[in-house]
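A closer look at the structure
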Amino acid sequence: MAGNKTVPTGADPAAFVEAIDNERRREEARTLLGLFSRVTGYEPQMWGLSIVGYGRYHYKYESGREGESFLTGFSPRKSAMTVYIMPGFKRYGVQLERLGRHRHSVSCLYLTRLEGRDLGALEEMIADSVERMKAMYAHWPK
């Protein structure tokens, strides 16, 4: 069975952020680096080549596949800043409305710009999602 490709790498998240070519995206990543650290209480850690993750949990599917992943995080992609809200967005309708223009999939929030977005709404989603993940995976001590 193939392992998870998105694993902690030991790379320096601050150095990753400083190496971002696009100046606006680099500044946004600096903002999120501080915001996530403050809101989650976790130190940032690189997962794979381009995800800054916070915290971790162990999962095991009914199929038997298991692994570790980050509780929340972000990735400064070219087209949009991707924010990972692992439990999804079903209970964040109010926060998403306050946030402003965005797109989202099951667990990914896509922001083309942070400017003009309600970062307080983003903080609320991050904090709540981390607490929900910790409750769902309480057996995992990290």
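Residues numbered from 1 in each chain as written. Predicted model: local features only at pLDDT ≥ 70, side-chain atom pairs only at ≥ 80, totals over all residues. Heavy atoms only, no water.

In this section: the overall build of the chain. When you go through the chain residue by residue, the secondary structure sums to 4 helices and 8 strands. When the helices and strands of the chain are listed from N to C terminus, the series reads α-α-β-β-β-β-β-β-α-β-β-α. Computed over its C-alpha atoms, the radius of gyration of the chain comes to 15 Å, within 12% of the 14 Å expected for a compact globule of 142 residues. Projected onto the principal axes, the alpha-carbon positions of the chain cover approximately 45 × 35 × 25 Å. For the chain, the residues scored as buried account for 42% of the 142 residues in total. Surface accessibility of the chain: about 7900 Å² in total, with carbon and sulfur atoms responsible for 51%. Between the mean site of the 21 positive side-chain charges and the mean site of the 17 negative ones, the chain shows a separation of 5 Å. (Helix = DSSP H or I, 4+ residues; strand = E, 2+ residues; numbered from the N terminus. Rg over C-alpha atoms; globule rule 2.2 N^0.38 Å. Buried < 20%, exposed > 50% of the residue type's maximum accessible area, 1.4 Å probe, protein only. Areas by Shrake-Rupley, 256 points an atom, 1.4 Å probe, with all protein chains shown as cover. Lys, Arg positive; Asp, Glu negative; His and termini not counted. Charge placed at Lys NZ, Arg CZ, Asp CG, Glu CD.)

Counting 32 residues, the largest nonpolar core has Phe74, Val83, Leu109 and Met125 as the members making the most contacts within it. Listed by contribution, the elements that provide at least two residues to this core are helix H1 (13-18), helix H2 (23-40), strand S2 (51-54), strand S3 (57-60), strand S6 (81-85), helix H3 (93-99), strand S8 (108-111) and helix H4 (119-136). Those residues in contact with Leu109, other than ones at most four positions away along the chain, are Met81, Thr82, Val83, Phe89, Leu96, Leu99, His102, Arg103, His104, Leu122 and Met125. Counting 5 residues, the second-largest nonpolar core is a separate cluster that includes Trp47, Ile51, Phe70 and Tyr84. (Core = buried A, V, L, I, M, F, W, Y, C linked by side-chain atoms within 4.5 Å. Contact = heavy atoms within 4.5 Å.)

What follows covers the pairing of strand S1 (residues 44-47). Regular strands place side chains that alternate from one sheet face to the opposite one. Examined bridge by bridge, S1 and S2 share 4 bridges and lie antiparallel to one another. Note on S2: the bridge partner recorded for Trp47 is Ile51. Connecting S1 to the next strand, S2, in antiparallel fashion are 3 residues, including Gly48 with a positive phi near 65°. (Pairing = 2+ DSSP bridges.)

Once that is clear, we can look at the packing of aromatic side chains. Going through the model one piece at a time under the given rule, you end up with 6 aromatic pairs. Between the aromatic rings of Tyr57 and Tyr59, the centroid separation amounts to 6.2 Å while the plane-to-plane angle is 55°, which identifies the pairing as tilted. What makes Tyr59 buried here is its relative accessible area of 7%. Ring-pair connections join several aromatic residues into one group, and the members of that group are Phe36, Tyr54 and Phe74. (Phe/Tyr/Trp six-rings, centres within 6.5 Å; stacked < 30°, edge-to-face > 60°.)

The next thing to look at is the environment of Arg103. By the element assignment, Arg103 lies in strand S7 (residues 103-104). Considered as a pair, Arg103 and Glu43 are 60 residues apart in the sequence and their alpha carbons are 27 Å apart. Not counting residues up to four positions away in its chain, the partners in contact with Arg103 are Ala80, Cys108, Leu109 and Tyr110.

Time to look at the environment of Ala138. Along the chain, Ala138 turns up in the segment after H4. Looking at Ala138, the relative accessible area reads 58%, which means it is exposed. Along the primary structure Ala138 and His58 are separated by 80 residues, whereas in three dimensions their C-alpha atoms are 9.7 Å apart.

Moving on: H2. A rise of 1.5 Å per residue sets the reference length of H2, with its 18 residues, at 26 Å; its end C-alpha atoms lie 26 Å apart and thus fit the reference within 8%. Listed as buried for H2 are Arg25, Arg26, Glu28, Ala29, Leu32, Leu33, Leu35, Phe36 and Thr40. Put simply, Asn22 is the residue that caps the front of H2, since its side-chain oxygen is 3.0 Å from the backbone nitrogen of Arg24. In the stretch just after H2, Gly41 is the one whose phi turns positive, near 80°. (Expected span 1.5 Å × (residues − 1). Polar contact = N/O pair within 3.5 Å; in protein donor to acceptor, adjacent residues only side chain to side chain.)

One can find Ile85 in strand S6. For Ile85, a relative accessible area of 0% translates into the label buried. In contact with Ile85, not counting residues within four places along its chain, are Thr72, Tyr92, Ser107, Met125, Ile126 and Ser129.

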